[in-house]
Every structure is written in C-alpha cells, then in structure tokens.
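In case you want the letters, here they are:
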Amino acid sequence: MRALVVDDSRAMRRIVTRILEDAGFEVLEAGDGQEALDVLAAQETPPELACVDWNMPVMDGLTFINHVRKQPQWRATTLMMVTTESEQSQIVRALAAGAHEYLIKPFTGEAMLEKLDLLGLLPTPVGDQT
Amino acid sequence: MTISSSAFTFVRELVRAESAIVLEPGKEYLVESRLVPLARAAGHPDVDAYVAQLSTRRSPAALKQVVEALTTNETSWFRDTDPYTTLRETIFPELARNRPRKQLRVWAAACSSGQEPYSIVMTAMDTPALAGWRVDVTATDLSEEMLERGRRGEYSQLEVNRGLPATTLVRHFERQGLNWRINQSIRERVEFRHLNLTRPFPPMGQFDVVFLRNVLIYFDMPTKREVLQRVRQVLAPDGHLFLGAAEMTMGVDDAWERVPAGRSSVYRIREEQRTCVPW
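Residues numbered from 1 in each chain as written. Chains lettered and ligands numbered in written order. Predicted model: local features only at pLDDT ≥ 70, side-chain atom pairs only at ≥ 80, totals over all residues. Heavy atoms only, no water.

(A) Up close: unusual backbone geometry. Put simply, Lys105(A) and Pro106(A) share a cis peptide bond, and its omega is -5°. Note on placement: Pro106(A) falls in the loop between strand S5 (101-104) and helix H5 (109-118). Notably, Arg58(B) is not glycine yet its phi reads approximately 45°, a positive angle. Tracing the sequence through the fold places Arg58(B) in the loop between helix H3 (47-57) and helix H4 (60-71). By relative accessible area, Arg58(B) is classed as partly exposed at 46%. Of note in the backbone geometry, Thr81(B) takes a positive phi value of approximately 60° without being a glycine. For Thr81(B), the position within the fold is in the loop between H4 and helix H5 (82-98). A residue is classified by how much of its surface remains accessible, and Thr81(B), at 21% relative accessible area, is partly exposed. (Helix = DSSP H or I, 4+ residues; strand = E, 2+ residues; numbered from the N terminus. Buried < 20%, exposed > 50% of the residue type's maximum accessible area, 1.4 Å probe, protein only.)

Next comes the structure, spelled out in structure tokens:
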C-alpha cells in the first residue's frame, strides 16, 4: 500500500514516514497542499492513504482536502488530518470537508497504527498490547 | 539505575499477595518505571530507597498505591476493535431477540480508567436492534484511583487519540480545557465499583455479557480457574464472556465452550453446566 505524507515540517514528515514504512507502506512526501496535489496528479494510481497537516504555507490541509474530494479519480484515497489543531469545531470542519480520520499531535506510533486499523488500512490488525 | 533484586522481590510478593498478579523476573523495568513517580512524590532519590522505607513502615495507604501502580494498564478505546464489532453485529442483536424486557446488563471486569465500559455503552448506542433499550454497564477495578478517573470520564488528548474514531470523539465528548469529557448521557449508563477478582464477588445480580479482557494473563492457574468459576455464577445461562485474544478457558475451566462469533470468539457456559433458569 502507498501513503502520501503532507507536512511542512521535515522532522514531522520523517516521524510519520517511519511509522508508515514500518507498517508496510511505501511513502510519498509533500511539503504543502499544492505540492501534494502535484504529487497526486503525477501518480498513475492514487495512494490508499494521505496524512495531511492542517497549517502549511502555500496551501493548507483543509483546502487540500477540499480539492481532493472534488476529484472523482482520488475518491479511493483515505484522508487523515494529522495536526496540532484540537478544537472540537475544527475536527467537525475537517470531517465535514471529507477527512475520514483526525489524529491530534503529539501522538504515539501506537495511536497512529490504531487509527489506521480503524480505517481498515493495516495488513494485520493491531494486536493485544499487554 | 536499576532496581535491586531484594526490592523487586518485596514488590513482587506484595503485588502477588494483594492482587494475585504475578510479576515474573524480567519485569524489573516495569516495576521501576511505575514506581519512580511514587518514589519521587515521597521524596526518595530512587525506587530502592522508596521500597526500603515501604518494607519497614508498611503503611497500608502506601502499599496500596504500589499495588495500584503495578496493576493498571494503559488502555485504548474499542481495544482490538473486533470484540466491539462482534458485540454490535452478533451478540447484542441475538440478546435483543431473547430479552422481552428490553434491558441488558454488561460487566466490564477490569475497567481501568473507563475506556472499556464507555466503549461498550457507545457500541450499544450504535446497535440498531437496541434502539429504545436500556443497557447498563457495571465497571469494576482493583484501583480506586482508576475508578475515580472512570467516574469523572475525563481524558487527555493523548488518551482520546488511542483508538477513538474522530466522529465518535466529536459526537460523544466535549472539550474541557485541555481534556475531553465523555457526555453525561454515556457516563450515567456506567456504575463504577471496587472489586477484587481474586476474592469472592459481592452481590451483583446477573449479567448478559461479561468483558474480562487481558486480565487472566496476569493470574496464576488456580486463580484463573477460581475467577472463571465465579464469573459463571453471575453470567446469565445464555450470556457471553469476552476474553483477551491471548486468553482461553480451555484447560482452565472446561465448563466453558468457545463459540465463533463474527470475526472473533466468545465463551458460553456449556449447556449441561447451566444451573440457572433463563429469564
């Protein structure tokens, strides 16, 4: 499976990329929403997952999600907002725009895997952690 | 810095006597990481010094804190997902067909800070067959601190990140400062009570479903057997028991049978072992 990680922080992209690669994803990266749209447009088949930061220069994550949701060819891509924005109204806005999940920074690798499990995007479900 | 073997042995014996939970050698890191905050709070430089004081003074309150620190686990919402899918798609609809009184009782037997009982209530709310039903959850734990947290129903950002779908978060929780509090309509469906699984149970009535997940693994074999036998006394004859994925009744208490349900398995009391009359 493939994932697109969209974040203007290189350090954050590296963290998310590491978690996703360990979960078996092939990862593409972009530094803002516009670059992410360009990366998507260059793909023959869209990635299964996009993890998108909210606040980014050039084009923010919410605008990116709005664009992606208008394009039928990208409908199969699951969108997860990954952001420090944590107000209830913002989560509602992101979900209304078409985000499938919402993960608030900071988060643990385990929390991200559990979100992927909820989305049915883990090859093997998260097992018992005892 | 690592914990000394004498301190580990003291803590191990204490936890075993109070909770029947066995801390195997190799769990030194767990003991140390859980006790460091208590040691610091009590003004000790390290865990060894703290344990040394515990073993001489034996203050009941302090000993209780140590047991609590070692017997509670981090937990996520809808832990492992499958049991809740099974509950919603298989078990709840089946019970809904067999209960004329439109009431169900569920027991979450080691509820920790409340994620499990609240996940059960939210699952019941999402079960179409239970529309208009009353579903009550009794949540028990060894730790008073965990029970108090459960009653309060308030969780940190890190805790709501764990396995809770974003749609569920915005629907059933409200932001309170930096934390999130689960709505009162869900809180009032759960009763939190202190209970030590290794001792005889207090009167609790009969349950339709029991969640006893990831608890038995901590007990030795005789304790596992006793707990499973006692659970049989409080489960409705056609009720269901959920265990953790790494747990089973086979070879422990064979009055149970494992039955496939949805994508997971649940346990039922074998027909010939059912002593009560179904309601």
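(B) View of the interface of chain B and chain A. Counting residues at the interface gives 26 residues for chain B and 24 residues for chain A. Surface buried jointly by chain B and chain A totals about 1900 Å² across both partners, of which 49% is contributed by carbon and sulfur atoms. Joining chain B to chain A, the criterion identifies 3 salt bridges. The shortest N-O distance in the salt bridge between Glu110(A) and Arg162(B) comes to 3.1 Å. Taken together, the elements giving at least two residues each to the side of chain B that touches chain A come down to helix H8 (157-160), helix H9 (166-172) and strand S4 (173-176) of chain B. When residues in the side of chain B that touches chain A are grouped by element, the largest group, 4 residues, is from H9(B). Broken down by class, the residue content of the side of chain B that touches chain A amounts to 12 nonpolar, 8 polar and 6 charged. (Contact = heavy atoms within 4.5 Å. Buried area = accessible area lost by both parts, 1.4 Å probe. Salt bridge = Lys/Arg side-chain N within 4 Å of Asp/Glu carboxyl O. Nonpolar A, V, L, I, M, F, W, Y, C, P; charged D, E, K, R; others polar.)

(C) Geometry of the UniProt feature "domain: Response regulatory" (unreviewed entry) in chain A. Under the feature "domain: Response regulatory" (unreviewed entry), the UniProt entry names residues 2-120 of chain A. Between the end C-alpha atoms of residues 2-120 of chain A there is a gap of 14 Å, over a span that is 44% helix and 20% strand. (UniProt positions renumbered as here; feature names shortened; annotations may be inferred.)

(D) Region of the structure containing the environment of Asp141(B). Residues and elements named next belong to chain B. Mapping Asp 141 onto the fold places it in strand S2 (residues 134-141). In the structure, Asp 141 is positioned 30 residues away from Arg 171 in sequence and 27 Å away in space, judged by C-alpha atoms. From its side chain, Asp 141 meets the backbone nitrogen of Ser 143 in a polar contact 2.9 Å long. (Polar contact = N/O pair within 3.5 Å; in protein donor to acceptor, adjacent residues only side chain to side chain.)

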